Amino acid sequence: MAATLEEDLTPYTGVDPDSAWRDEVRRLAKERDAVLLAHNYQLPEIQDIADHTGDSLALSRIAAASDASTIIFCGVHFMAETAKILAPEKTVLIPDARAGCSLADSITADQLREWKAEHPGAVVVSYVNTTADVKAETDICCTSSNAVDVVRSIPADQEVLFLPDQFLGAHVKRETGRDNLHIWAGECHVHAGINGPELAERAAANPDADLFIHPECGCATSALYLAGEGIVPSAQVKILSTGDMVTQARATSAKSVLVATEIGMLHQLRRAAPEIEFSAVNDRASCRYMKMITPAALLRALRENKDEVHVDVETAARARGAVQRMIEIGKPGGGE
Ligand code: SF4
C-alpha cells in the first residue's frame, strides 16, 4: 500500500508537515533541475506548489520551451505524453502512471484505423485527450478552443472524422453546420455527469449568474438551448476551455458564476477572481485520475525519479505533426 503523506514526512517530525513537504518538494525540484507543471483539475496543494498551472496544451508548450531538463507533469497520462512528444529530449515524469483518462481510453489506434478504412480520404481531427498512438493516426489535433477553427480549415467537400468526444463533436457540428462530420461516440465520465436538467435547475435558482461551460460537458447543448429559448440570457452563457475560463473570470462583471466542468477548476478561478462567488453545477464532478497525483505521489516522483513517460521515436514523430498543426491553427491556448 502507498505511504500516506504523513508517513512520507516522518523524518520531519516536529516541523509543520505542510511546510516541510513544500520545502522538500522545492529542494528536490531544484536539485533535479525539474519544472513542476500542474493541470487546472489537480488538488489545490499541487496547483499551489507548481511552477505553472494551466490547461493541457498550454502546459505542454511550457514544457517544450522550458530550460529545465526534467518535467514533472501533474496531470493525467496523455498530457504527460503530449509533453514528451513536444519535448523528446527531456525527461518527463508523472507522479502516478495509473492516472489515465476515460475519454482518451474511449478509442484505440486499432479502432481508429478501422474507422479510417470505412471513410477513405477523410481528414482525422482528434481532441488533445487521446493517447500518443491515436495522435500518430491523426491528421490534426485540436483543443476545445480551436476545434471549430480546425474543422473550418478543412475543405468543405472533404469528410471529417472527429474524435473522441461526442459532446465537443456536437458543438463543432452545430457551429460549422457541416453534414460530412462524423463523430466518435466517446465521452468523459466526469463531464458527461454534468447534465442539462441540473444546469437548468441551477440557472433558474441563480438568474444573475454567468454560466462557464466546458464544451465536453453533457450540458453544453442544454446551455445553448436555454439561451436560445431566452430562459438564460445568451450573454450569460460562455462555452470555454479551462484556460479561457481563467481569462474570462478576470474580465466578467458578474458577481456569481456557475461552473460546469471538473471541480478542481474552482481553485484556479477563485485565485484569479477572489471577489466572485464561483460554484459548481455538479459538485460531485471530480476526476479520480486527476486526484491520483497526491502530495505523497509528487514527493515520491522527485525522490525516486519516476514514473517516467516514454513514447517511441516513430510514434512521437508522427504524433508531433498532428500536434504542431493544432498549434498553428486558431487560438494558441486551450485544451481541457
Ligand atoms: S476529467 Fe474526464 S477527460 Fe479529464 S482527465 Fe478526467 S476522465 Fe479524462
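What counts and what doesn't
- Just so you know, the residues in each chain are numbered from 1, in the order the chain's sequence is written.
- Local features in this predicted model are restricted to residues whose pLDDT is 70 or higher, and side-chain atom pairs enter the listing and the counts only when it is 80 or higher, whereas totals over whole chains, interfaces and linings include all residues.
- Derived side-chain values reflect all non-hydrogen atoms in the structure, with water molecules and hydrogen atoms excluded from consideration.
- UniProt positions are given in the numbering used here, feature names are shortened, and annotations may be inferred rather than shown by experiment.
- Runs of H or I in DSSP of at least four residues are treated as helices and runs of E of at least two as strands, each being numbered from the N terminus.
- In this scheme, a residue with accessible area under 20% of its type's maximum is buried, one over 50% is exposed, and one in between is partly exposed, where area comes from a 1.4 Å probe on protein chains only.
- Asp and Glu are treated as the negative residues and Lys and Arg as the positive ones, with His and the ends of the chain left uncounted.
- Salt bridges are defined by distance alone: a side-chain nitrogen of Lys or Arg within 4 Å of a carboxyl oxygen of Asp or Glu.
- Throughout this description, a polar contact denotes any pair of N or O atoms lying within 3.5 Å of each other; where both atoms belong to protein, one of them has to be capable of donating a hydrogen while the other can accept it, and for residues adjacent in sequence the pair is counted only when both atoms sit in side chains.
- Contact criterion: two residues are considered in contact whenever any of their non-hydrogen atoms come within 4.5 Å of each other.
- Boundary definitions for the domains trace back to an automatic or database domain assignment.
- Put simply, buried area is the surface a 1.4 Å probe can reach on two separate parts but cannot reach once they are joined, added for both.
- The set of buried Ala, Val, Leu, Ile, Met, Phe, Trp, Tyr and Cys residues whose side-chain atoms join them within 4.5 Å is what this entry labels a nonpolar core.
- To get an axis, a line is fitted to the C-alpha atoms, and for a helix only the part in contact is used. The angle between two axes follows their N-to-C directions and goes from 0 to 180 degrees.
- In what follows, roughly perpendicular refers to angles from 65 to 115 degrees, roughly parallel to angles under 35, roughly antiparallel to angles over 145, and oblique to any angle outside these ranges.
- If you view the pair so one helix is near and one far, a crossing is left-handed when the near helix is turned anticlockwise from the far one by less than a right angle, and right-handed when it is turned clockwise.
- Under this grouping Gly is polar, as are all residues other than the nonpolar Ala, Val, Leu, Ile, Met, Phe, Trp, Tyr, Cys and Pro and the charged Asp, Glu, Lys and Arg.
- Only when DSSP finds a minimum of two bridges between them are two strands counted as paired.

- An unreviewed UniProt entry annotates the protein as Quinolinate synthase of Actinophytocola algeriensis.
- Looking at the protein in UniProt, the text filed under Cofactor (unreviewed entry) is "[4Fe-4S] cluster".
- Entered under Pathway (unreviewed entry) in the UniProt record, the comment concerning the protein runs "Cofactor biosynthesis; NAD(+) biosynthesis; quinolinate from iminoaspartate: step 1/1."

Considerations on the side chain of arginine 178
So, step 1. The residue arginine 178 is located in the loop between helix 9 (166–176) and strand 8 (181–183) in this model.
So, step 2. The buried charged residue arginine 178 lacks any salt bridge partner; its closest oppositely charged side chain belongs to aspartate 157, at an N-O distance of 6.3 Å.
So, step 3. Separated by 3.1 Å, the side chain of arginine 178 and the backbone oxygen of valine 151 make a polar contact.
So, step 4. Of note is the side chain of arginine 178, whose polar atom sits 3.0 Å from the side chain of asparagine 180.
So, step 5. Setting aside residues up to four positions removed in sequence, arginine 178 forms contacts with Val151, Ile154, Pro155, Ala156, Gln158, Val160 and Lys173.

A short note on the domain arrangement of the protein
So, step 1. Partitioning the protein into structural domains gives domain 1 (2–100 + 289–311), domain 2 (104–188 + 316–329) and domain 3 (194–280).
So, step 2. The distance between the C-alpha centroids of domain 2 and domain 3 comes to 26 Å.
So, step 3. Across the domain 2 to domain 3 interface the summed buried area is about 810 Å²; carbon plus sulfur atoms make up 54%.
So, step 4. Contact with domain 3 buries surface across domain 2, with Ser144, Phe167 and Arg174 losing the most and accounting together for 49% of the total.
So, step 5. For the pair domain 2 and domain 3, the number of links is zero salt bridges.

Focus: the nonpolar core
So, step 1. Within the largest apolar cluster, 100 residues are counted, with the highest numbers of intra-cluster contacts made by Phe162, Ile213, Phe278 and Leu298.
So, step 2. Beyond its immediate chain neighbours, meaning those up to four positions away, phenylalanine 162 contacts Trp115, Val125, Cys142, Ala147, Val151, Leu168, Gly169, Val172, Leu181, His182, Ile183 and Trp184.
So, step 3. Formed by nine residues, the second largest nonpolar core is a distinct cluster that contains Ile107, Ala122, Val124 and Leu163.

With respect to the packing of helix 13 (residues 242–251) against helix 14 (residues 265–272)
So, step 1. For the pair helix 13 and helix 14, the least separation of the axes is 9 Å and the interaxial angle reads 30°. When the interaxial angle is binned, helix 13 and helix 14 end up roughly parallel. By crossing handedness, the relation of helix 13 to helix 14 is classed as right-handed. Facing helix 13, whose interface residues are Thr242, Met245, Val246, Ala249 and Arg250, helix 14 presents Met265, Gln268, Leu269 and Ala272.
So, step 2. Across the contact of helix 13 with helix 14, the residue classes tally to six nonpolar, two polar and one charged.

Observations regarding helix 15 (residues 295–304)
So, step 1. Helix 15 sits mainly inside the fold: seven of its 10 residues count as buried.
So, step 2. Residues of helix 15 that are buried include every one of Pro295, Ala296, Ala297, Leu298, Leu299, Ala301 and Leu302, and no others.
So, step 3. Where helix 15 terminates, the next one or two residues include asparagine 305, which has phi positive at roughly 60°.

Remarks on the sheet that holds strand 11 (residues 256–260)
So, step 1. The sheet built from four strands is open, its strands ordered 10-9-11-12 with parallel pairing. On the outer flanks of this sheet lie strand 10 (237–239) and strand 12 (277–280), each paired with one strand and no other. Neighbour-to-neighbour, the strand axes of the sheet open up by a mean angle of 25°, direction not taken into account.
So, step 2. For strand 11 and strand 12, the ladder comprises four bridges, and the chain directions are parallel. Within strand 12, the residue paired with valine 257 across the bridge is phenylalanine 278.
So, step 3. With respect to the sheet, helix 11 (residues 196–205) is in contact with strand 9 (210–213), strand 11 and strand 12, its orientation differing from that of strand 9 by roughly 155°.

Considerations on the packing of helix 4 (residues 56–65) against helix 5 (residues 77–86)
So, step 1. Across the interface, helix 4 lies against helix 5 with an axial gap of 8 Å and an inter-helix angle of 35°. Every pair of crossing elements has a handedness; the one defined by helix 4 and helix 5 is right-handed. Contacts between helix 4 and helix 5 involve Ser56, Ser60, Ala63 and Ala64 on the former and, on the latter, Met79, Thr82, Ala83 and Leu86.
So, step 2. For the contact of helix 4 with helix 5, the per-class residue count stands at five nonpolar, three polar and no charged.

Looking at the sheet that holds strand 4 (residues 91–93)
So, step 1. Spatially, 2-1-3-4 is the arrangement adopted by the four strands of the open sheet, whose pairing is parallel. The open sheet has two free edges, formed respectively by strand 2 (52–54) and strand 4, since each of these has just one partner strand. Across the sheet, the mean angle separating the axes of adjacent strands is 20° when strand polarity is ignored.
So, step 2. In the packing of helix 4 onto the sheet, the strands contacted are strand 1 (34–39), strand 2 and strand 3 (70–74), and the crossing angle to strand 1 comes to about 170°.

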